[in-house]
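# A look at the structure
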Amino acid sequence: MISNFTHSGSVIYSQIEQAARLGQPCFAILFDPEELRVQDLEKHIEALPDHTTHLFVGGSTATAAQAQLAVRELKKHSGLPVVLFPGDHNQITAEADALLFLSLISGENPEYLIRQQIKSVDKLKNSALEIIPTGYILIDGGTETAVQRVSKTQPLTQDDPDHIVAVALAGQYSGKKLIYLEAGSGAKNPVSAEIIKAVKEAIHIPLIVGGGIRTREQLEIAYEAGADLVVVGTAFENGNFRI
Ligand SMILES: CC(C)=CCC/C(C)=C/CC/C(C)=C/CC/C(C)=C/COP(=O)(O)OP(=O)(O)O
Ligand SMILES: O=P(O)(O)OC[C@@H](O)CO
Ligand SMILES: [Mg+2]
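Here we summarise the structure given alongside this text. Remember, predicted model here, so these are calculated numbers, not experimental data. (Residues numbered from 1 in each chain as written. Chains lettered and ligands numbered in written order. Predicted model: local features only at pLDDT ≥ 70, side-chain atom pairs only at ≥ 80, totals over all residues. Heavy atoms only, no water.)

With that out of the way, let us pick up the pairing of strand S7 (residues 207-210). In S7, alternate side chains face the same way, and those of Leu 207 and Val 209 on one face and Ile 208 and Gly 210 on the other are all buried. For the segment spanning strand S6 (residues 178-182), helix H8 (residues 193-202) and S7, crossover handedness is right-handed. Here S7 pairs with strand S8 (residues 229-232) via three bridges, running parallel. Pairing of Gly 210 across the sheet is with Val 231, part of S8. A crossover connection joins S7 to the parallel S8 through helix H9 (residues 216-225); in handedness this β-α-β unit is right-handed. (Buried < 20%, exposed > 50% of the residue type's maximum accessible area, 1.4 Å probe, protein only. Helix = DSSP H or I, 4+ residues; strand = E, 2+ residues; numbered from the N terminus. Right-handed = clockwise from strand over helix to strand, strands pointing away. Pairing = 2+ DSSP bridges.)

Here it is in structure tokens:
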């Protein structure tokens, strides 16, 4: 019997999974609510690359009000799915289409492994927001990033792909539906092709890759290595993402 207790549909996740299965990679632009000026939003929407499939909203230090405004305005001006990628439970708003329910599994800070998630329950339990359990893995991108500072966790070295694969598999075995390899916003070095490939070969859930991707070439390297969804934030924010 189909359960009546299903919290919400899985429209967004099913799309990502199906695209991954068909080898049609997805592409997300990340809007940091802290940086977003509403008066510039239409210009940003017009500048979205044609192959954009998702709009992500989140920041390491954005407030609840900033996140809510960003989601509302993006939904108003674009038909693309708006997916929350929160740095904090306060950024969650039921007006989005889906939520990456992140757990920072590369680190050992209980606040980002389970406490933030518990704090979000009151908001989530009566909402129809699609919740996508996501294993979030912070990898050293050559600079100290906001995620590292905020989460007080160390990134995993790119020199040990076997360990990164083990963390990703532990996430999958724990029931995560997505794995997100993160080099950190504005990273000097994106996650390497070698690591993307090793993780992709090991897991059977879709793989998100982000952090420090600025060029068409880096984007293609990530897809070629096996990323199912690539996220670009800073380069788009700065008007530097040339494709
Ligand atoms: C799912 C729930 C309830 C909460 C999530 C809380 C967790 C586990 C967060 C993971 C750790 C973290 C701080 C992630 C931040 C992710 C993010 C939105 C990064 C974008 O970084 P920017 O804010 O753009 O960086 P800059 O400050 O460099 O611009
Ligand atoms: O801002 P950039 O470096 O594109 O990173 C995107 C995203 O992965 C950050 O969480
Ligand atoms: Mg940012």
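To continue, consider the sheet that holds S8. Read around the closed barrel, the eight strands follow the order S1-S2-S3-S4-S5-S6-S7-S8; overall the barrel is parallel. Sheet twist, expressed as the average angle between the axes of neighbouring strands with direction ignored, equals 30 degrees. Note that strand S3 (residues 82-84) and strand S4 (residues 98-104) share two bridges and pair parallel. When the bridges of S4 are listed, Leu 84 appears paired with Leu 99. (Axes fitted to C-alpha atoms, helices over the stretch in contact; angles between N-to-C directions.)

The next subject is the packing of H8 against H9. Interaxial distance between H8 and H9 falls to 8 Å at its minimum, and their mutual angle equals 25 degrees. Comparing the axis directions of H8 and H9 gives the class roughly parallel. Considering only the axes of H8 and H9, their crossing is right-handed. Every residue of H9 that contacts H8 at Ala 193, Ile 196, Lys 197 and Lys 200 is listed here: Ile 221, Ala 222 and Ala 225. Classifying every residue of the contact of H8 with H9 by side-chain character gives five nonpolar, no polar and two charged. (Parallel < 35°, antiparallel > 145°, perpendicular 65-115°, else oblique. Left-handed = near helix turned anticlockwise from the far one by under 90°. Contact = heavy atoms within 4.5 Å. Nonpolar A, V, L, I, M, F, W, Y, C, P; charged D, E, K, R; others polar.)

A grouping of Asp 140, Asp 159, Asp 160 and Asp 162 is seen on the molecular surface, where their side chains present a negatively charged patch. Relative to the helices and strands, Asp 160 resides in the loop between helix H6 (146-151) and helix H7 (161-173). (Patch = residues over 30% accessible without salt bridge, like charges linked within 9 Å, V, L, I, M, F, W, Y side chains within 5 Å. Areas by Shrake-Rupley, 256 points an atom, 1.4 Å probe, with all protein chains shown as cover. Salt bridge = Lys/Arg side-chain N within 4 Å of Asp/Glu carboxyl O. Lys, Arg positive; Asp, Glu negative; His and termini not counted. Charge placed at Lys NZ, Arg CZ, Asp CG, Glu CD.)

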